[in-house]
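# Chain and residue survey
Read off the chains here:
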Amino acid sequence: MSNSLSKDVQVIFENILPKFEENLVLSNLVKKKTVNQQDAERSQNVMWETVPYIAQSYTGVDATANMKNLTELAVPSSISEERHSTFRLTAQELNDLTQEDKAGEACAQTLASDINQSVADVLTNQGSLVVARTTAAAGFDDVAECDTILNQQGVVTGERVLALSSSDYNAMAGNLANRANMVDKTNKAYTKGYVGEILGFDTYKQDFARTIAAGTAGAVTVNGADQYYTPQALDSNNTLVDNRYQNLAVTVGANTLAVGDCLTIAGVYAVHHINKESTGGLKTFRITAIISGAGGTGTIEISPPIISGGGNTTAELNYKNVDATPATGAAITLLNTTAAKANPFWIKDSVIITPGSYAMKSGRGVDVASGTTENGIELTITKALDDKTTKNDYILRVRYGVTMLNPEMAGILLFSQ
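Source: prediction; values computed, not measured.

Parameters at a glance
Here, residues in each chain are numbered from 1, in the same order as that chain's written sequence. For a predicted model such as this one, the threshold for reporting local features is a pLDDT of at least 70, and the threshold for listing and counting side-chain atom pairs is 80 or more; totals across whole chains, interfaces and linings nevertheless cover every residue. Remark: hydrogens and water are excluded; side-chain values derive from all non-hydrogen atoms of the structure. Paired strands, as defined in this entry, are two strands with at least two bridges between them according to DSSP. Secondary structure is summarised from DSSP: a helix means a run of H or I of at least four residues, a strand means a run of E of at least two, and numbering begins at the N terminus for each. Every axis corresponds to a line fitted to the C-alpha atoms, with the helix fit spanning only the stretch in contact, and the corresponding angles, defined between N-to-C directions, vary from 0 to 180 degrees. The term salt bridge refers to a pairing of a side-chain nitrogen on Lys or Arg with a carboxyl oxygen on Asp or Glu at a separation within 4 Å. Partly exposed describes any residue whose relative accessible area lies between the buried limit of under 20% and the exposed limit of over 50%, with all areas from a 1.4 Å probe on protein chains only and scaled to the type maximum. Exposure above 30% relative accessible area and the lack of any salt bridge qualify a residue for a patch; like charges then connect within 9 Å, and the nonpolar side chains Val, Leu, Ile, Met, Phe, Trp and Tyr within 5 Å. Note on areas: Shrake-Rupley with a 1.4 Å probe; residue coverage comes only from the protein chains shown. Two residues qualify as a contact provided that any one of their heavy atoms is within 4.5 Å of a heavy atom in the partner residue. As used here, the term nonpolar core means buried Ala, Val, Leu, Ile, Met, Phe, Trp, Tyr and Cys residues forming a set that is joined through side-chain atoms within 4.5 Å. Polar contacts, as counted here, are pairs of nitrogen or oxygen atoms within 3.5 Å of one another; within protein the pair requires one atom able to donate a hydrogen and one able to accept it, and residues that are adjacent in sequence qualify only if both atoms are side-chain atoms. What pLDDT expresses is the predictor's confidence in each residue, scored from 0 to 100. Only Phe, Tyr and Trp rings are paired, with Trp represented by its six-membered ring, and only when their centres lie within 6.5 Å; those with planes under 30 degrees apart are stacked, over 60 edge-to-face, the remainder tilted.

### Concerning the sheet that holds strand β9 (residues 220-222)
Strand pairing in a sheet relies on backbone hydrogen bonds. The paired strands run either parallel or antiparallel. Taken in spatial order, the 6 strands close into a barrel running β9-β10-β13-β12-β11-β14, and their pairing is antiparallel. Between one strand axis and the next, the sheet turns by 50° as a mean value, whatever way the strands run. One ladder, built from 5 bridges, connects strand β11 (residues 262-271) with strand β12 (residues 278-292); its direction is antiparallel. Across the sheet, Thr264 pairs through a bridge with Thr284, a residue of β12.

So this is what it looks like as structure tokens:
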């Protein structure tokens, strides 16, 4: 016989959901993707998202020689995260009618924090644009470097966001509080530690920011010529290809490289994504995996891939992101020289969150209530009563995935390097 608790559960849920939604700060600052849950289940919860085309232009009137097929790239997204939080109350404890709400709010806050952290982790670990400042956080000039690296590489549209660690955010607010000629912003900075919008970036304070460890590599070089990447929509087996990564052979000697390291390669300069002109600044890359080798020579996986146009294919020329293929022996320089909090910055459309759900129904031993926030995240609560012990078990669940669609539209700001 099923428990008769549905009305009680619904009342609890209606009290919890608004506060859960209120805490979903970072997940509201990325792109949302709604999927048919049946289709997701049949595809093993992996969906492919298309990447916007990049095309070329040509001079003159006659287009005969320029009729070429465009290559549409795609990125896999998945519903890969499942989180739950629990509490238990006895029938005696439930004499205090506030216990359910207080415990439920605590669980919902934890789950919202998990979702926010998942978004921050994807941005921190996969954003490939790196701004390394030699000084502590100060304010405008720091954010200006983030603006510059985006603009120079042609990432000029979309909502911009910068999430700062508490210490770096407060340092910027402190700098702002000392500016006597900015009355309104100075007062807010001094009284509330408020930074607000800077150079088109909406700024937010992270309650917990990941640390990027100090790189330990010394003399590291590229091992082998012609290590460039050719984008492709499908491989030889007609399978979709993820074009966000490339394997790179390197010589590390007695040094060590690690996942998360930020690097540049001598002679490999970033280009504007549209007009392909060199920015004059070295392209920044992230190490996303160590494929082989802990010393001597080895292979690392980097993001983004080195698309130099070395093969002169249409896809390479369209998606070209650097002005040259690295030479054999080209020096690799790590930018993360000191351990520091990572401050991710991004264009809103560079990251996608994909909500999932659970097909759970009341009347099967537990009672269930669920609801969806404005950004599509579904929160589910179940309650089961053991009448032998008078214990009531509550479980709150969320299911979702976070995917970096374009690592060249997101990055991290590091201080004191």
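### Some thoughts on the pattern of salt bridges
Evaluated as defined, the whole model comprises 13 salt bridges. Across the pair Arg399 and Glu82 runs a salt bridge whose closest N-O atoms are separated by 3.9 Å. Here Arg399 is found in strand β20 (residues 391-404), whereas its partner Glu82 is found in strand β4 (residues 81-90), with 317 residues between them in sequence. According to the relative accessible area criterion, Arg399 is buried, its value standing at 10%. For Asp393, the salt bridge identified is with Arg88, shortest N-O distance 2.5 Å. Of this pair, Asp393 sits in strand β20 while Arg88 sits in strand β4, and the two are 305 residues apart along the sequence. Residue Asp393 is classed as partly exposed on the basis of its relative accessible area of 30%. Sharing partners across several salt bridges, the network here consists of Glu81, Arg83 and Asp114.

### Quick look at the sheet that holds strand β7 (residues 201-206)
Judged by pairing direction, the sheet is mixed, and its 5 strands sit side by side in the order β5-β21-β16-β6-β7 without closing on themselves. Where the open sheet ends on each side, the last strands, each with one partner, are β5 (129-132) and β7. Pairs of neighbouring strands in the sheet enclose a mean axial angle of 20°, with direction left out of account. Relative to strand β16 (residues 343-347), strand β6 (residues 160-165) runs antiparallel, the two being bridged by 3 bridges.

### Some thoughts on a nonpolar patch on the surface
A cluster of nonpolar side chains, contributed by Val46, Trp48, Leu234 and Leu240, occupies part of the molecular surface with about 310 Å² of accessible area. Here Leu240 lies in the loop between β9 and β10 (246-253). Taking the relative accessible area as the measure of exposure, Leu240 reaches 38% and is therefore partly exposed.

### So, the environment of Ile347
Within the secondary structure, Ile347 is located in strand β16. Between the C-alpha atoms of Ile347 and Ala171, which are 176 residues apart in sequence, the distance is 24 Å. Dropping the residues within four chain positions of it, Ile347 is found in contact with Leu150, Val155, Thr157, Gly158, Glu159, Arg160 and Met409.

### Things to note about the nonpolar core
The biggest cluster of nonpolar side chains holds 38 residues, and the ones touching the most others in it are Phe20, Trp346, Leu379 and Leu396. Listed by contribution, the elements that provide at least two residues to this core are α1 (6-22), β4, α3 (99-126), β6, β17 (351-355), β19 (378-386) and β20. Dropping the residues within four chain positions of it, Leu379 is found in contact with Phe13, Ile16, Leu17, Phe20, Leu111, Ala369, Ser370, Gly371, Leu396, Arg397 and Val398. In this structure, Leu129, Val131, Met172 and Phe415 belong to the second largest nonpolar core, which totals 21 residues.

### What to know about the side chain of Ser128
In this structure, Ser128 sits in the loop between α3 and β5. Each residue touching Ser128, except ones within four places of it in the same chain, is listed here: Thr284, Phe285, Arg286, Ser303, Pro304, Pro407, Glu408, Ala410 and Gly411.

### A closer look at the side chain of Ser165
Residue placement: Ser165 occurs in strand β6. With relative accessibility at 2%, the residue Ser165 sits in the buried group. Reaching out from Ser165, the side chain makes a polar contact with the side chain of Asp168 at a distance of 3.1 Å. Excluding residues within four positions of it along the chain, Ser165 makes contact with Gln206, Ala209, Lys341 and Asn343.

### Section: the confidence of the model for the chain
Per-residue confidence for the chain gives a mean pLDDT of 88; residues scoring 70 or more make up 92%. In the model, residues 1-5 has pLDDT below 50 throughout and makes 12 contacts with residues more than four positions away in sequence or in other chains. Confidence over residues 188-193 falls short of pLDDT 50; this stretch has 10 contacts with residues more than four positions distant or in other chains.

### A short note on the packing of aromatic side chains
The full count for this structure, using the stated rule, is 2 aromatic pairs. Judged by centre distance (4.2 Å) and plane angle (10°), the ring pair of Phe87 and Tyr394 falls under stacked. Remark: Tyr394 occurs in strand β20 and Phe87 occurs in strand β4; sequence separation between them is 307 residues. Comparing Phe87 with Tyr394, the two get one shared label, buried.

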